[in-house]
Amino acid sequence: MLALVVALGLSGPVVAGEPAQAHGKPNIVVIVADDLGFADVGFNGAEDVLTPHIDDLAAAGTRFESLYVQPFCTPTRAAFMTGRYPIRYGLQTFVITPGQTYGLPHSERTLASALQDVGYKTYIIGKWHLGHADQSFWPQNRGFDYFYGTTLGEVDFYTKERAGSVDWQRNGALLDEQGYFTDQLTRDAVRIIEQQSTDKPFFLYLPHLAVHAPYQAPQHYIDRVSGIEDETRRVYAAMAAALDDSVGEVIAALERKGLRDNTLLLFFSDNGGIAEYDAAAAMAKGDKPAPADNSPFRGSKGGLYEGGVRSAAFINWPGRIEPGAIAEMVHVVDFFPTLVKLSSGSVESENALDGKDIWPVITGDAPSPHADILINAEIHRGAVRKGRWKLVKNAALPSSNELYDLESDVAERENLAHKHPEKVKELEDVLNGYAEESKPALFLHAYMPFVRKHFASAALAYDGDKNDGQAEE
């Protein structure tokens, strides 16, 4: 769910592909869309979901056709913030829900901290979702100078309430404010941009709640998409329209400030949209369809098929990046080293990054720097991609292997595992290698204490994020 804007104050002529640091540090603005379906933007074919501001930027930029994210909100945010796969620190399974007390471990260096180290003012406006129960997990203690929004996920768009608590704050002070979540974030983001001086770089991280449940939107946005018959899809599309207007207002503010002419924009979703319901949600929804469309991919948010983990994405920088598409596989962890290096910062730390600098991929014809990409590794399931091949392993009994050739079967319809056992073994070894390096999932540690005592039987007891009491998280 993300659009990134990097605004550079350049002097003199610009040569396509020339490193940004040759002209000074970029301002960085990151706009996150939550649970946006791959096909729910106009540049990927949507006709009923209206995203004209986003589409104009995509048309003038280069689309990522194989950008991988995590299946859920918290893991993707963690991967983006750290440049490391969530298996490294226990956030690979599900999300942080209201009753949980853990967060992004303090041993992890964040993108915000790395940018602070090279002189950036750092701001977050929106949904954090990387720890709420202890203030040490809050953004102000993870590299951000300023925070306005919520530390939780799936709060009410108007009341900011979740599970009996209201979480809406500015720099740790709880607020009693009326308004629509998307509109409030936008106004504060515009204010922050307008207050910036041109002699100091800033990082503005704008993670929206839209288009995540609960499905709520002002009536004037619903009226824009009144032709959509299904009510849930209609409100979902209205939320996307509000998000698109927000992107437009942020760009307009950059233009008024004189930053737009040299602005790099990156847009992606934190995971696929909810295109199908799990068993518990299906019972609650009845015959109503899920709101999102991840075409042409199979699957939904929360799953390991491409529909859950391949993100709608593009990058735009006038005069620096040519219009077109990048087919090379990249991952959300790659933005950490790419942005830090563009900002003349250091990626060196005690924790080795999984992310790679993908600037040569973006600005030239360089191949993906990844020999393989880990989609996820959990005790009950996992998936990895290597070249054209993707392995999905279901480890809970009865276990199974699924092998797909994504070059000829992007919809993952034909399981080729029985035809290519040697390829299954090759990818299974890669996946097991990652699994051997992984930390225990903090979600399981918090909700399933028996796992620590009876790890061997855990796969039999855990059915994979279904009916866990956190509806539509």
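See the structure above.
What counts and how
- Residues numbered from 1 in each chain as written.
- Predicted model: local features only at pLDDT ≥ 70, side-chain atom pairs only at ≥ 80, totals over all residues.
- Heavy atoms only, no water.
- Helix = DSSP H or I, 4+ residues; strand = E, 2+ residues; numbered from the N terminus.
- Buried < 20%, exposed > 50% of the residue type's maximum accessible area, 1.4 Å probe, protein only.
- Contact = heavy atoms within 4.5 Å.
- Areas by Shrake-Rupley, 256 points an atom, 1.4 Å probe, with all protein chains shown as cover.
- Core = buried A, V, L, I, M, F, W, Y, C linked by side-chain atoms within 4.5 Å.
- Polar contact = N/O pair within 3.5 Å; in protein donor to acceptor, adjacent residues only side chain to side chain.
- Expected span 1.5 Å × (residues − 1).
- Salt bridge = Lys/Arg side-chain N within 4 Å of Asp/Glu carboxyl O.
- Phe/Tyr/Trp six-rings, centres within 6.5 Å; stacked < 30°, edge-to-face > 60°.
- Pairing = 2+ DSSP bridges.
- Axes fitted to C-alpha atoms, helices over the stretch in contact; angles between N-to-C directions.

Draft legend 1. Broad picture of the overall build of the protein. What the protein contains, in helices and strands, is 14 helices and 18 strands. Relative to its 473 residues, the protein shows a buried fraction of 60%. Considering only residue pairs separated by 6 or more positions, the protein has 70% of its internal contacts joining residues 24 or more positions apart. Of the roughly 17,700 Å² of accessible surface on the protein, 49% is carried by carbon and sulfur atoms.

Draft legend 2. Spotlight on the nonpolar core. Ranked by internal contacts, the top residues of the largest apolar core, which has 81 residues, are Phe 64, Phe 80, Leu 111, Phe 203, Tyr 205, Phe 268 and Phe 335. Residues Val 41, Ile 54, Ala 241 and Val 247 belong to the second largest nonpolar core, which totals 65 residues.

Draft legend 3. Representation of the side chain of Asp 354 in the model. Along the chain, the position of Asp 354 falls in the loop between α9 (335–342) and α10 (359–363). A residue is classified by how much of its surface remains accessible, and Asp 354, at 10% relative accessible area, is buried. In this structure the side chain of Asp 354 is engaged in a polar contact, spanning 2.7 Å, whose partner is the side chain of Arg 88. Not counting chain neighbours up to four residues away, the residues in contact with Asp 354 comprise Gly 83, Arg 84, Tyr 85, Arg 88, Val 333, Asp 334 and His 370.

Draft legend 4. Inspection of helix α4 (residues 181–195) at higher detail. Along its 15 residues, α4 runs 22 Å from first to last C-alpha, staying within 8% of the 21 Å computed at 1.5 Å per residue. Within α4, burial applies to Phe 181, Thr 182, Gln 184, Leu 185, Thr 186, Asp 188, Ala 189, Val 190, Ile 192 and Ile 193. For α4, the secondary structure elements touched by its buried residues are β4 (121–127), β5 (146–150), β8 (169–170), β10 (202–207) and α6 (231–256).

Draft legend 5. Quick peek at the pattern of salt bridges. Enumeration according to the criterion identifies 28 salt bridges in this entry. Two residues, Glu 108 and Arg 84, come together in a salt bridge whose shortest N-O distance is 2.7 Å. Of this pair, Glu 108 sits in the loop between α2 (73–82) and α3 (111–116) while Arg 84 sits in the loop between α2 and α3, and the two are 24 residues apart along the sequence. Taking relative accessible area as the criterion, Glu 108 reaches 5% and is therefore assigned buried. Accessibility expressed as a relative area gives 9% for Arg 84, which makes it buried.

Draft legend 6. Summary view of the packing of aromatic side chains. Counted according to the given criterion, the structure contains 24 aromatic pairs. Seen in terms of ring centroids, Tyr 85 and Tyr 434 are 5.7 Å apart; in terms of plane orientation they differ by 85°. Their pairing is edge-to-face. Taken together, the residues Tyr 85 in the loop between α2 and α3 and Tyr 434 in helix α11 (residues 421–437) connect sequence positions 349 residues apart. Overall, the relative accessible area of 3% leaves Tyr 85 in the buried class. Seen in terms of ring centroids, Trp 317 and Trp 359 are 5.6 Å apart; in terms of plane orientation they differ by 50°. Their pairing is tilted. Placement of Trp 317 in the loop between β12 (310–316) and β13 (324–326) and of Trp 359 in helix α10 is noted, with a sequence separation of 42 residues between them. An aromatic cluster is present here, built from Phe 64, Phe 80, Trp 128, Phe 144, Phe 203, Tyr 205, Phe 268 and Phe 335 joined pairwise through their rings.

Draft legend 7. How the structure looks around the sheet that holds strand β16 (residues 381–386). Sheet architecture is open: four strands sit in the order β15-β16-β17-β18, paired in antiparallel fashion. Only two strands of the sheet have a single neighbouring strand rather than two, namely β15 (373–377) and β18 (400–405). Between one strand axis and the next, the sheet turns by 10° as a mean value, whatever way the strands run. One ladder, built from six bridges, connects strand β17 (residues 389–394) with β18; its direction is antiparallel. The residue of β18 that forms the bridge with Val 392 is Glu 402.

Draft legend 8. Seen up close, the pairing of β17. Taking burial as the measure, the six residues of β17 include five buried ones, the bulk of the element. Note that β16 and β17 share six bridges and pair antiparallel. Note on β17: the bridge partner recorded for Lys 386 is Trp 389. With antiparallel pairing between neighbouring strands as the criterion, β16 and β17 make up a hairpin whose turn holds two residues, including Gly 387 at a positive phi of roughly 65°. Where β17 folds back onto β18 in an antiparallel hairpin, the turn is made up of five residues.

Shape is all these values report; function is a separate question.
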